[in-house]
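Structural characterization, general
Here is what each chain is made of, one letter per residue.
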Amino acid sequence: MLVLLILHLVAALLAPLLVRTWGPRACLLLALAPAATAGWAVAHTGAVRDGGAVVETYPWIAQLDLDLALRVTTLSWLMLLLVGGVGALVLVYSARYFEAGSVGLARFAAVMVAFAGAMVGLVVSDDLLLLYVFWELTTVFSYLLIGHSTERRASRWAAAQALTVTTLGGLAMLVGFLLLGHHAEGYRWSVVAAAPLPGSGYLVTAVLLVLAGALAKSAIFPFNAWLPVAMAAPTPVSAYLHAAAMVKAGVFLLGLLGPALASAGPWRPVTVVAGLVTLVIGGWAALRQTDLKLLLAYGTVSQLGLLAVMFGAGTPKAALAGVAMLAAHALFKAALFLVVGILDHEAGTRDLRDLSGVGRAAPVLATVAGLAAASMAGLPPLLGFVGKEAVLAAFTGDPLVLAVLVAGSALTVAYSIRFLWGAFGTRPGVPDTAMARPPAAMLVPPAVLAVAGLVAGPAAGWLSGLFEPYAELFGPVEEHLALWHGPTVALGLSALVLAGGVVLHLVRGPLAPVLARLRWPVGGNQGYEWVTHRFDLLAIEVTGATQRGSLPQYLGTVLVALVLVPGTAMLATAPWRVDLTPWDNPVQLVVCVVIAVAAVLAVGARRRLTAMLLVGVTGYGTAMMFVLYGAPDLALTQFLVETATIAVFVLVLRRLPERFSARPLRRSRWVRRCVGLAAGLVMAGLALAASGARRAPSISAAFPDLSVAEGYGRNVVNVTLVDIRAWDTMGELAVLVVTATGVASLIFERSRTGPRPRRPQPAGLRPGDRRTVWLRGGQTLRERRRSIVFEVVTRLIFHTMLLFSLFLLFSGHNAPGGGFSGGLVAGLALALRYLAGGRYELAEAAPVGAGMVLGTGLAVSVGSGVVGLALTGDVLQSVKVDLWLPLVGHFYLVTSLFFDIGVYLVVVGLVLDILRSLGAEVDRHVEAAGEPGRGLTVQREGGTP
């Protein structure tokens, strides 16, 4: 099963390349991935025939006791067969449905295969948390597929609605899973189902939350509005997601959890009532549709309601009927959607009012559609008849439910006839529709599905043996699936259903005004739009009341909340009462006084540059405290970060007024000072409380030994960053990359990956002449901005700084330094070049894109983790490699060094991106605006600046 998931992942990654190479025909090759799933299910039929299970378990996140627990039983085996088989046929159909050069075809193919893989993962997951991961993956992929036509507002709206409804339901379901797993002390469903159920109130809450997710996913009332809107998706998407795959996920979850939760209080009432309502309103709405695709969409909603009733009833008869209908519905509904796609593709319309005489023009297509529609209506000898009769037989003892099922089934027959009549009949007064012969590649997939429904009907006895192990989870199975049970009540009701459906179709003329008037006062879409609109208004009101555009107000609110909540709790408990040593060295007191004085002076500073320098003093003072406490690595990093921060401040301050705006009133000023002082005291108290709250031994006590034994380094700080806590560092690298992207996107008016600026020709210098200069870009600066001393010093120390940065990088595993410190030194060297020579000098110093440096650094870091996985089986695990070279002798390398190299590159890329955005790009803006006395001078034609 894991191999199947990997196969789908690889196919999805290769799909864009294959589509660009072969066009739509690449879908034929991609169909092999879901076909392999169906083949795997067929090959393991014997393992599940007698109620057995195929189980695979792979370790995943040991700290959370979370494994890749995969399990296939009867129901999941059937879903694998449908997801794989229908998915393969839909991809074969797509190879002809889409034209060469279709917009977004590569994305469609990749997402379609990825969705198939996510469905495979969903139905084979034995762990509830793993199931939720795949559940949300199907939500995301369906959003992309429904919104395939991004240029159409209807597609975007439909995708957003489907995403919103199913995601909210999924989040509720996750909470229910957490409740069930917490009670059972594990999230394996096979374990949870075997454990005693929790108490009534706890169980009711968990069940309702889980049902919210299942009903939303399968478009069951009151979440039924999103599915018809999703018909904005391409027809292959509708045939797969909305007939055989995504919308079946909620029904599958009902079937999976039903054996354990059917006895829970709200399970049966909620599922049966919601299912019956959905069955009727979906069927009634289908009779009003003139768009064949919408007719099938509302029919799908109706059939999903029927399936919810079957899987929610909690009886062996209903469960067996539900499995049969699950298979039948996937076959006939996918086939009918594909037929509609052919009509739309070849006739140019799917409006039944414009279609006429298509049955004579395309008899084979009409036959295929007739078989599928007959199965949907429940005509013998198709599988739909077997399932529908089993459904009616399962509720012969419940007259009220049975009456609604009969009415809903009669509506199904009526809209099945309406579909055939509208698509292939001859309408008086409407000219025959010009219909080209359907291509074989498009006709074969629906034909295979329709014929499968025809063959499965007479084979109902054999299928019953495959499906009964699932039904036996609810109790002994007394009746089996069969094409003929003799003259039974269910058979009579089936005949009544067919007759009622035919009558409804015959009286469609007089019934039309009734259909037009008899509808819900507020439609599902109107309700959704009303709710989202109200949320938008609420968001506007909340934003208007809280987001006043004042940074001091925001910061003050945060600090006041900090003082009131944790501060009050701290005063009540006084957790800071611990033995303290004021200082170990009198110099520490001096440094603290310097930091405090600098902070107080910064608050009262009127000039921005003065305030920035005073804040820098507090940072350097903190670094000195690290030195006094014997933490050279932290001190080095703090010094470098503070210096880099000052450089960034300088770049920003040159575009701001020299002085701060007018100070507030004296009273307001004292309020701010009091808030700041109170926040400082609270933070000091929290630090004291945290330092005295430890009860267990610190895990860092083992770090020195681990750094040598496992990380092969003596610098505990660096080994912690690149090995012991490498996942944290990986996350920080991602944050740095996002930060760089955000800064650049706010500044750049054009792509930051464009050509780097070319240094203009200095005045009076002809092409070919050579002139010795300290910095080549310095000549582009205005004379009053140039400093020959600065240029000379920069020229002398730049390469030394780069060498020092490399020294810190390579020595950091055993001495103070590392990739972060080395990257900061290299970044400061680049900042020096920019400050001395401007943006052209920066381009000379770093003739490479910042994005490439950032991406390379992140790739190197991730790649080093993959190397550790390949060599040790654990991601980011350090591996020692012994080497020998002439004149050098024996030495060793540690794979975490490459992780540190990635850190180095990311930091350099971040600084370079900031210099090019806040520095070089702002310079370009100044030059374009022609502001006098600021920025850089570009030499114009004729040599005049």
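Residues numbered from 1 in each chain as written. Predicted model: local features only at pLDDT ≥ 70, side-chain atom pairs only at ≥ 80, totals over all residues. Heavy atoms only, no water.

Right, let's talk about the pattern of salt bridges for a bit. Counting across every chain of the model gives 10 salt bridges. Between Glu 479 and Lys 317 there is a salt bridge whose closest N-O contact spans 3.6 Å. A residue pair is termed long-range when its members are at least 10 positions apart, and Glu 479 in the loop between α22 (460–471) and α23 (489–506) and Lys 317 in helix α16 (residues 316–347) qualify at 162 residues. When its relative accessible area of 39% is taken as the criterion, Glu 479 is described as partly exposed. Across the pair Asp 351 and Arg 353 runs a salt bridge whose closest N-O atoms are separated by 2.8 Å. What makes Asp 351 buried here is its relative accessible area of 16%. A cluster of three or more residues bridged by salt bridges with shared partners is formed by Asp 291, Asp 344 and Arg 350. (Salt bridge = Lys/Arg side-chain N within 4 Å of Asp/Glu carboxyl O. Helix = DSSP H or I, 4+ residues; strand = E, 2+ residues; numbered from the N terminus. Buried < 20%, exposed > 50% of the residue type's maximum accessible area, 1.4 Å probe, protein only.)

Residues Trp 774, Ile 788, Val 789, Val 793, Leu 796 and Ile 797 make up a contiguous nonpolar surface patch of about 560 Å² in total accessible area. Looking at where Ile 797 falls in the secondary structure, it is placed in helix α34 (residues 788–811). Look at Ile 797 and you get partly exposed, because its relative accessible area is 33%. (Patch = residues over 30% accessible without salt bridge, like charges linked within 9 Å, V, L, I, M, F, W, Y side chains within 5 Å. Areas by Shrake-Rupley, 256 points an atom, 1.4 Å probe, with all protein chains shown as cover.)

Here we come to unusual backbone geometry. Cis geometry marks the peptide bond from Phe 221 to Pro 222; its omega dihedral reads 10 degrees. Among the secondary structure elements, Pro 222 is positioned in the loop between α10 (200–217) and α11 (226–229). Unusually for a residue other than glycine, Ala 219 sits at a positive phi of about 55 degrees. We classify Ala 219 as buried; its relative accessible area is 0%. Here Tyr 712, not a glycine, exhibits a phi torsion of approximately 55 degrees, which is positive.

So, about helix α6 (residues 105–124). Side chains of residues three or four places apart in an α-helix project in the same direction, reflecting 3.6 residues per turn. Helix length check: α6 (20 residues) gives 29 Å between terminal C-alpha atoms against 28 Å at 1.5 Å per residue, within 8%. For α6, a buried count of 19 out of 20 residues is recorded, marking the element as mostly surrounded by other parts of the structure. (Expected span 1.5 Å × (residues − 1).)

Glancing now at α10. Under the 1.5 Å per step criterion, the end-to-end length of α10 is 26 Å for 18 residues, consistent within 8% with the ideal 26 Å. Looking only at α10, the buried set comprises Leu 203, Ala 206, Val 207, Val 210, Leu 211, Gly 213, Ala 214, Leu 215, Ala 216 and Lys 217. If you follow the buried residues of α10, they end up packed against α7 (128–146), α8 (153–184), α11, α13 (246–261) and α14 (267–286). With its phi angle positive at about 55 degrees, Ala 219 sits one or two positions after the end of α10. (Contact = heavy atoms within 4.5 Å.)

Before going further, it helps to examine the confidence of the model for the protein chain. Averaged over all residues, the pLDDT of the protein chain is 84; the fraction at 70 or higher stands at 92%. Averaged over each element, pLDDT in the protein chain is lowest for helix α24 (residues 508–517) (66) and highest for helix α3 (residues 32–43) (93). Segment residues 933–945 is flagged for pLDDT under 50; beyond a separation of four residues in sequence, or across chains, it makes 34 contacts in the model. (pLDDT = per-residue confidence, 0-100.)

Below, the discussion takes up the pairing of strand β4 (residues 889–894). Bridge count for strand β3 (residues 880–885) against β4 is six bridges, and the pairing is antiparallel. Counted as the bridge partner of Lys 880 is Val 894 from β4. Taken together, β3 and the strand that follows it, β4, pair antiparallel across an intervening segment of three residues, in which Leu 887 is found at a positive phi of about 70 degrees. (Pairing = 2+ DSSP bridges.)

Moving on: the nonpolar core. Core analysis: the largest hydrophobic core is formed by 202 residues, its most contacted members being Tyr 240, Phe 395 and Leu 405. When residues in this core are grouped by element, the largest group, 23 residues, is from α16. With residues near it in sequence (within four places) discarded, Phe 395 still touches Arg 268, Val 309, Met 310, Ala 313, Ala 318, Val 401, Leu 402 and Leu 405. Grouped together as the second largest cluster of nonpolar side chains are 39 residues, Leu 651, Ala 726, Leu 736 and Tyr 904 included. (Core = buried A, V, L, I, M, F, W, Y, C linked by side-chain atoms within 4.5 Å.)

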